[in-house]
Amino acid sequence: MDFFELAKIEDEYEQIAGTYEIFNEDIRLNRSQAARVEFLTTVHCIEQYLKPGDRIADIGAGAGEYSLYFARNGYTVSAVELAERNVEAFRKKLTADDRVELRQGNAIDLSFWPDAAFDIVLLFGPLYHLHREEDRQRCIAEAKRVCKPDGMLFFAFISHDMVFFTELANDPNYFRTGDYDHDTLRLHDFPFVFHTVDECRRILRDGGVRIEREIASDGLSELMEDRINSLDAESYAQYLRFHLHTCEKREMLGHSNHLLFVGRK
Ligand SMILES: C[S@@+](CC[C@H](N)C(=O)[O-])C[C@H]1O[C@@H](n2cnc3c(N)ncnc32)[C@H](O)[C@@H]1O
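Residues numbered from 1 in each chain as written. Predicted model: local features only at pLDDT ≥ 70, side-chain atom pairs only at ≥ 80, totals over all residues. Heavy atoms only, no water.

Draft legend 1. Up close: the sheet that holds strand β5 (residues 147-158). Taken in spatial order, the seven strands line up as β3-β2-β1-β4-β5-β9-β8 in an open sheet, and their pairing is mixed. One side of each edge strand has no neighbouring strand; the edge strands of this open sheet are β3 (100-104) and β8 (210-216). The mean inter-strand angle of the sheet, taken between neighbouring strand axes irrespective of direction, is 15 degrees. The strands that helix α5 (residues 84-93) touches are β2 (76-81) and β3; relative to β3, the one it contacts most, it runs at about 160 degrees. Strand contacts of helix α9 (residues 197-206): β5, β8 and β9 (258-264), with the helix running at about 30 degrees to β9, the strand carrying the most contacts. (Pairing = 2+ DSSP bridges. Helix = DSSP H or I, 4+ residues; strand = E, 2+ residues; numbered from the N terminus. Axes fitted to C-alpha atoms, helices over the stretch in contact; angles between N-to-C directions. Contact = heavy atoms within 4.5 Å.)

Below, the structure is given as structure tokens:
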């Protein structure tokens, strides 16, 4: 699979699955110090809400990085993932001791789970894959439905405006030849769907989510990948402290590749 072949796939769900024939989700969050920042920041935030015995839903679970982390820290996890390759990568890592229920399925219909079943609901992926607003809203409605009344909801997005910087870092010709509308400065939503910070807020509010926190989950880590990967352990620890210190400042939000929103129903 390459990007030309991927673009020709008309069925949206087949295209999502095809995306992960190109991107190796299994290593996305653990391949380097820089890549780990998003994971560490997200876990740091979720752990501020976790209580002993909590049940977690991981919707769009990928290769299981979050599910396995929380299951191996004593929580019961139910995970759903669309793409076959990611389900298989996830399943291979599961051991008999892992309290994880994994199924292949679609975030827009979680009818296999009852109402108010989970204390913590993670929706990290579907909102930056689904092209139709009505489908994104169905995901949010389902995430809310399976969340307990006092539960917490966590949503991930890809920040539209930051993509230009990271693309430019990879390609000096990006502003001349890049895959965006050169008049409106709007990215083409391929292979992901991109949102500005305000669009994320609007989508969640339209879905009836009460937003409590907005977090620049990886900040400049992708842009500064080489430098961050070259840091020794002490410098990296201090970089992480700095990142956590600044990642909820309003001025950092747009300048992060991923955005984490925390909310209640
Ligand atoms: C970049 S991965 C993120 C995986 C993991 N949640 C994480 O944050 O590391 C996005 C995931 O969302 C999944 N996904 C996208 N649309 C989905 C849908 N409608 N239902 C279930 N999973 C979906 C993709 O297949 C992919 O595994």
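Draft legend 2. Structural view of the environment of Val-37. Counting through the fold element by element, Val-37 comes out in helix α3 (residues 33-47). For Val-37, a relative accessible area of 0% puts it in the buried group. Considering only alpha carbons, one finds Val-37 and Glu-225, 188 residues apart in sequence, at a separation of 10 Å. Dropping the residues within four chain positions of it, Val-37 is found in contact with Ser-217, Asp-218, Ser-221, Tyr-236, Tyr-239, Leu-240 and His-243. (Buried < 20%, exposed > 50% of the residue type's maximum accessible area, 1.4 Å probe, protein only.)

Draft legend 3. Looking closely at unusual backbone geometry. With an omega of 0 degrees, the peptide bond running from Phe-190 to Pro-191 counts as cis. If you trace the backbone, Pro-191 turns up in the loop between β7 (186-187) and α9. One non-glycine residue, Ala-116, adopts positive backbone phi at about 50 degrees. With respect to the helices and strands, the residue Ala-116 is situated in the loop between β3 and β4 (118-123). Positive phi values are uncommon outside glycine, yet Leu-185 reaches one of about 60 degrees. Tracing the backbone shows Leu-185 in the loop between β6 (180-181) and β7.

Draft legend 4. Local environment of the packing of aromatic side chains. Applying the stated criterion to the full structure yields 19 aromatic pairs. Ring geometry for Phe-164 versus Phe-175: centroids 6.0 Å apart, planes at 25 degrees, classification stacked. Linking Phe-164 in helix α7 (residues 160-170) with Phe-175 in helix α8 (residues 174-177), this pair joins segments that are eleven residues apart in sequence. Linked through ring pairs, Phe-39, Tyr-66, Tyr-69, Phe-70, Tyr-75 and Phe-124 together constitute an aromatic cluster. (Phe/Tyr/Trp six-rings, centres within 6.5 Å; stacked < 30°, edge-to-face > 60°.)

Draft legend 5. Structural detail: the nonpolar core. One finds Phe-154 and Phe-155 to be the most contacted residues of the largest nonpolar core, which totals 72 residues. Top element by residues in this core is β5. It accounts for eight residues. Every residue in contact with Phe-154, bar those within four places of it in the chain, is listed here: Cys-45, Ile-46, Tyr-49, Ile-120, Val-121, Leu-122, Leu-123, Phe-124, Leu-260, Phe-261 and Val-262. In this structure, Ala-34, Val-37, Ile-228 and Leu-240 belong to the second largest nonpolar core, which totals six residues. (Core = buried A, V, L, I, M, F, W, Y, C linked by side-chain atoms within 4.5 Å.)

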